[in-house]
Structure formats: structure tokens, C-alpha cells
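Here's the letter readout for the chains.
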Amino acid sequence: MNIKNWTVSPLNKERAAKIAEDYQLPFFLAMLLEIRGIHTQEQIQALLMENPVFCDPFSLADMDKAVERIHRAIENFEKIAIYGDYDADGVTSTAMLYSYLESCGANVMFYIPDREVEGYGMNTKAMDSLKEYGVNLIITVDNGISAVEEVEYAKQCGMDVVITDHHRPQETLPDAVAVVDPYRKDCVCAFPHFAGVGVAFKLISALEGEGADITGLLENYADLVAIGTIGDIVPLTGENRAFVQTGLRLLSRSDRMGIRALLERCSLEGENLSASTVAFRIVPRINATGRIGSSDRAVHLLTCEDMELAGELAVEICDNNDYRRQIENEMVEKALELLAREPDRLYDRVLVVEGEDWHHGVIGIVASRLTDKFGKPCVVISYTADEAKGSGRSVEGFSLFEAICSCAQLFTKFGGHPMAAGLSMPTKHLAAFRKAINDYAASLPMMPVPSVSLDCKLNPAALSVEMPQQVKYLEPFGTDNPAPVFGLYEMRLKEVIPVGGGKHLRLVFQKKNVNITCMKFGMTAQEFPYQTGDFLDLAVTLDNKEFRGQETLSVLIRDMRLSNLDSGALIADDALYQKMKRGESLRIDEQERLFPDRQAFAMVYRLLKARDGWRHHILALLLALQGEGLTLAKLLVALDVMEEKGLIAVKTYGEVTQIQVLPVEQKVDLFDSQILNGLKQAQKGV
């Protein structure tokens, strides 16, 4: 069960009113600025006046060494290889640095490792290949910070290495000519949160020298920097915000033939693009080239100077993305089947699922979808007889990188950052890894709970078409600058209307005689866990669309929950229930909170019989029983026991819990239950 903690940001209305008065802003916009901590004149001007300040690229450690070695290579016409990565960040970094060095007259090539054959980062076979090409200098982009052995091997082959990366360094840095990474402990860069393409752009800025025309460089490269920055889900604050703002402005009129061909193929040509459009329409297609085939094609697309070839590459890349989605859906189903066969895994603090010969290029996306579904960190692993490769995604507040560092002895290779990580290990270590990462999670004071963060609550009667227009001043949205989410509380559901061939829902709500129509995308009527008459809290975003020549307000549901339930108690009960399911020792008070008495069983069974079973959200069942003082923990245990004793059959479909009342021919002793006996033993074991 994925129960989220809803929080509402604090609001100082007096300060918001002063911001509105001082800067002649609409109060709603001023309120959003106040909520997000944007109070000072400098902060407001930086946000609204678009006057970014860029840090000195030489404030990154080793940048001077990198510049000196690259200039020497250009002057001596040494063979330079840009060693990239197969995701959107790595591809845009490679294309940008390749284009720049080529414009400088350098003897330059690029190399992207094959995801399936070589995996992430540098490898010795690649070093052998580059040596055969006559390479003298390797420049990494978006990788290399953990390539200690590979850099040493390159040196033995007579090649120098300059590393540019943005992943977290481990204890030992590679012995390269230069290691440029803003997360180095000795780096004094004021803003460290670049994507790999951001670090590569700082390298280009440094190569231009002290008088570099940053504005001109952005005009040339901000389209690529924006795609890579958005694609790598780094904070869209500071310099990243400036990169993306400029890049979004340039993308729709980019003179790169590959970008124009890709936009045309996505039906985005000539549109004003947002960060979310790039994230969901452009980035997946670039990523697909590395997941399904070779990322070389994406670099060729972004550096292509032939419109016909660019069109052919764009078609091929989009076809790859369609195939990727098909594989992704199949793998999600396989992962869910594994969890259905082994339901005990669902109670792990960190989900680990594995499959033989699962497609390496898709496991990260599958991990992300499982994390969203279950609200837990997740690692998805593809294995053969000898080797296992995994990709993980996390939730806010749980550093997956630190978690896998605690299991480092099991791996042949690993790396990443707090929200995502990759690893390789012998297949024989799979079970040990699942145990080790969950032991690490158990050692923490507590696991973070997924949250829904609301900027503020809104009165549905106050909604207007002007609101989303004012929200746009805060764009671009992304990590650390999310699109504002608003709360509409205690909304009574009046109507559920399937649209889009049944793939989406139009939901009509009412509060105090005000009707609001909302859209819930990606949910069918069969998956919808609520029924008309329910009172729901909605987390929504606002947009405006043109309809018959007029601007209209669109209210998009991001999340919803039943009103008037104590989320803190629900989260605590769910955690306690999972603790019991893991077989961990329980305190006496915990055992008592879980143990249903005869009255609890009676009222649950009586309600199920009266309603001929259940097919809604499990919390709606709790709400129907709440007047009797039943807790979620006791309800879940009662249902388990009743299913054990053959009184009911329970199935879960997403957020819908289906309970069928089964016929019984004789009296059943519910307290003669293995589950309840185990619960008693768990308490005795303390």
C-alpha cells in the first residue's frame, strides 16, 4: 500500500501582499513567490528579470589542467576521443563537445559504449579500440569519476585522460591528467548541481578563456544543454535554470537539422516548448537509441548537417522509442508477476526484483515505475548465468548511492547518486544483495514516506483562467523547482466519465454548489478506486487550453485521497503491518495495535456480507468502519485471517481491492489462525 503524507507549505499572507504591492504583481503570483521562499529583491529579479549569473568555470577543481591539455592536443593535431554515455545527458554532452572541438579545428572523434555489450562508463576493450584509432587524448563526459582501473589502463596504452563528470566521487579518484567534477571535496564551485552536459559546457567556457562570451556560447549550445539537463533530472535552480530557460527559447527555432527533424516527427515543430514537454516527448526518444541499439545514432542526429539523413534518423529513433515502450510494459508485467508469486518481497524496505535476460536498456525505467507504484526504493536486475546488472531508483530522503555503497563488497562495478544508481555483480550474489541493502535500510532511524507537497489549498470557487498564466512565471519546472501543486479539499465526487477510448477519466466534483471538472490521465474506470458520493482531497496542477478561440482552465489531478482520514495514523499502521509481515519482533503495544478482537472480526464480516463484498479502495472500507474505532492495522490483519480461514478471497488491482465473500458450510474459529499465533509469537520474541 502506497500511503503518502500530504503537506501544505506555510504561507505568510502579509509578506505576499507586500511582494504584490512592491513589485506590482498579481497576489496569486506573489503568494507563490512567498511560499517558495523568494522574498528578496535579488531573488525576485533573478526569477522574473532573467539576469543569470554564471560561476567562473575555473572554480571547478582541475579545470586549468584540463584546458591546458586540451589546448595542447588541438595545437598539435593530436587525435582526441570524446568518451560519452548512452543517455540523453551523455549524448548531448558528446554532441556539444564534439561540435565545439571540431569548430576549433581539432582532430576529434567520439565513442559511446554499447549498453548491452559494454555497459556504463569506461572499459578496457574500449581503450584497446581507441588506441587502434590512434587516440592520444580521451575526454570523458558524464562518466569516468569511478574509472580508476580503466584510466590506469589507458595510461599504460599511452593515452592521456581528462575526466568531466557529475556523479559522486568514491574515496579514490582516477589518476587522470584532470578530474573535473563539481562534487569533488576540494571543488569550490558555488553551484555543484550540474548534469554532465552542464560540466561539459563549463569546460567549453573555460576553453574559450577568461573573456569568454557566455551569451554567445549559450546561443550556440543551450538547446543541447537544456535537453541533457532536463533529461538527467538535476535541480532546475541556479545555473541549470538559466541553461534550460535559454535552451527552451532556442529549441523551437534550433538550426540543428537533427533537432528540427525530431521536433517535426513529434509534432512539436514551431511550438513553445516547456521543460515537461522536453522531458516526456524529446528525452525518451534520445534515450531510446541507447536502450534499443546504439546511441551513436543520437549523436549523429544532433550533429547532422544533412536534412534528409536527419529525417531518416529521427524516424528510426522514434520507432526505437515505440519498441522500448513495448518492452518496458512487458517487463513491468513480469516484475509484478514475480511480486505476486512472492508477495513477501512487497514488505521489504527496498524492493529488489530480478529476471533472466531482461533488457538492460529498460531496467532503469522499470525501476522508476515500480518506485512510483509502491512508494519504495527499487532495484531491477537482469541476470545471466554468471553476471547480473541492475539499475535502481529511489524516493526523496533515501540515498540509493549510500545504500549500494554499503554493499560494495558484492559488486564488480557500481555508481550513481542519491536518487538513481547502477551496479554489476556476479549472479551468485543476488540473494546476498537483497538482504544487504535491506539490512542497510533497517539500520536507518526510519524509512522516508512518499509525500505529496502542496503549495497551498485553493477554494474551488476562486479558480480562474488567469492562475496558470501567472504560474508560468516560475518556469522552467523540474527537480527542486516543481510545478506548483494545489489542494482542493473535501470535494464530493459527482460523476466519472471515461474519455480517450477509456484510457483517461473526466471527473466532476462539487463543493458548496460549485462544480469543478478535472482530468485524471492514465487511469481507466476499472482502475478508479472511488465511487460517486465519496469525498476526496485532490492534488492538482492548473493549465489553460484554447477552446473555440477562448482560453479555458484545465484542472489536472496528480493525486487524490479520501477526505477526513488521519494520514499519520495510516502511515504508522501500514509500517507496523509491514513489520509484522517481515516477521520482525514486536513490542507489546505494537502487538495489541495489530491484534483484532472478536468485535472487529464481526463488524468487518457483517459489512462485507451486507455489501456483497467490496471493490473499492481499502481505505474506503476503513472509512466505512471508522465509527467502530477500527484501525488500519487491525483491518489488514482481520482480512488476512478471514482469507486464511476461507471466509473471503482478496485480490488487488492497483488501488482497487476486490473482496469476495465465500460460502461457508460450518462455523469457523478465527482465533485458531496461524497468522494470529505468529503474531503472538512475534510479541513473545521481544
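About the thresholds
Residues numbered from 1 in each chain as written. Predicted model: local features only at pLDDT ≥ 70, side-chain atom pairs only at ≥ 80, totals over all residues. Heavy atoms only, no water. Salt bridge = Lys/Arg side-chain N within 4 Å of Asp/Glu carboxyl O. Helix = DSSP H or I, 4+ residues; strand = E, 2+ residues; numbered from the N terminus. Buried < 20%, exposed > 50% of the residue type's maximum accessible area, 1.4 Å probe, protein only. Expected span 1.5 Å × (residues − 1). Polar contact = N/O pair within 3.5 Å; in protein donor to acceptor, adjacent residues only side chain to side chain. Phe/Tyr/Trp six-rings, centres within 6.5 Å; stacked < 30°, edge-to-face > 60°. Pairing = 2+ DSSP bridges. Axes fitted to C-alpha atoms, helices over the stretch in contact; angles between N-to-C directions. Contact = heavy atoms within 4.5 Å. Core = buried A, V, L, I, M, F, W, Y, C linked by side-chain atoms within 4.5 Å. 1 Å grid on protein atoms, 1.4 Å probe; cavity = no way out; pocket = protein on both sides within 12 Å on 5 of 7 lines; lining within 4 Å. Points joined across faces, edges and corners; volume = space filled by probe spheres on them. Nonpolar A, V, L, I, M, F, W, Y, C, P; charged D, E, K, R; others polar.

Enquirer: Now, about the pattern of salt bridges: what can you tell me, with residues and values included?
Expert: Summed over all chains, the structure comprises 33 salt bridges. Here K155 and E152 are joined by a salt bridge, their closest N and O atoms 3.8 Å apart. A residue pair is termed a helical-turn pair when its members lie 3 or 4 positions apart in one helix, as K155 and E152 do in helix α7 (residues 148–156) at three residues. According to the relative accessible area criterion, K155 is partly exposed, its value standing at 35%. Linking R587 and E590 is a salt bridge whose minimum nitrogen-to-oxygen distance equals 3.2 Å. Owing to a relative accessible area of 45%, R587 belongs among the partly exposed residues under this scheme. The exposure class of E590 is buried, given its relative accessible area of 10%. Look at the salt bridges and you will find they share partners, linking D62, K65, R184 and D186 into a network.

Enquirer: Summarise helix α14 (residues 307–341); cite the residues concerned and give the values.
Expert: With 35 residues, α14 ought to run about 51 Å at 1.5 Å a step, and its terminal C-alpha atoms sit 51 Å apart, in line with that. Where α14 begins, the side chain of D306 points an oxygen toward the backbone nitrogen of E308, at a separation of 2.9 Å.

Enquirer: Describe the packing of aromatic side chains, listing the residues and the values that go with them.
Expert: A full pass over the atoms with the stated rule returns 15 aromatic pairs. Note on F54 and F243: the rings are 5.9 Å apart at their centroids and 25° apart in plane angle, and the pair reads as stacked. Placement of the pair is F54 in the loop between α3 (41–48) and α4 (63–75) and F243 in helix α10 (residues 238–251), with a sequence separation of 189 residues. F54 gets classed as partly exposed once you look at its relative accessible area, which sits at 25%.

Enquirer: So, the sheet that holds strand β19 (residues 614–616): which residues are in play, and what are the values?
Expert: Judged by pairing direction, the sheet is antiparallel, and its three strands sit side by side in the order β19-β21-β20 without closing on themselves. Strands with a single pairing partner mark the edges of an open sheet, and in this sheet they are β19 and β20 (648–653). Here the strands of the sheet are splayed against their neighbours by 10° on average, with no regard to which way each runs. Here three bridges tie β19 to strand β21 (residues 656–661), and the two strands are oriented antiparallel to one another. Considered in β21, the bridge of H616 is made with T657. In the packing of helix α21 (residues 598–610) onto the sheet, contacts are made with β19, β20 and β21, and the angle to β21 comes to roughly 90°. Against the sheet, helix α23 (residues 632–644) engages β20 and β21, with an angle of about 125° to β20.

Enquirer: Break down the nonpolar core for me, citing the residues and quoting the values.
Expert: Grouped together as the largest cluster of nonpolar side chains are 82 residues, with contacts concentrated most on L538 and L621. Sort the elements by how many residues they give to this core and α23 lands first, with nine residues. Apart from the residues within four sequence positions on either side, L538 is in contact with W6, F486, G487, L488, M491, F509, C518, I557, D559 and M560. Counting 80 residues, the second largest nonpolar core, distinct from the first, contains I82, V141, L251 and L301.

Enquirer: Go over the pairing of strand β16 (residues 514–520), please, and point to the residues and values.
Expert: Here strand β15 (residues 504–511) runs beside β16; their pairing, made up of seven bridges, is antiparallel. Residue pairing for β16: V508 is matched across the bridge by T517. In sequence, β15 turns back onto β16 through a hairpin of two residues, with K512 there showing a positive phi of about 50°.

Enquirer: Quick rundown of empty space enclosed by the protein? Include the residues and the values.
Expert: One pass over the structure, following the stated rule, counts two cavities of 30 Å³ or more. Looking at the largest cavity, the residues that line it are Y120, G144, I145, S146, D165, H167, R168, Q170, F414, G415 and G416. Reported here for the second largest cavity is a volume of approximately 40 Å³. Taken together, I227, L251, I259, L262, L263 and I282 make up the full set of residues lining the second largest cavity. Broken down by element, the residue count for the lining of the second largest cavity peaks at three residues, all from helix α11 (residues 257–265). Its residues placed into classes, the lining of the second largest cavity shows six nonpolar, no polar and no charged.

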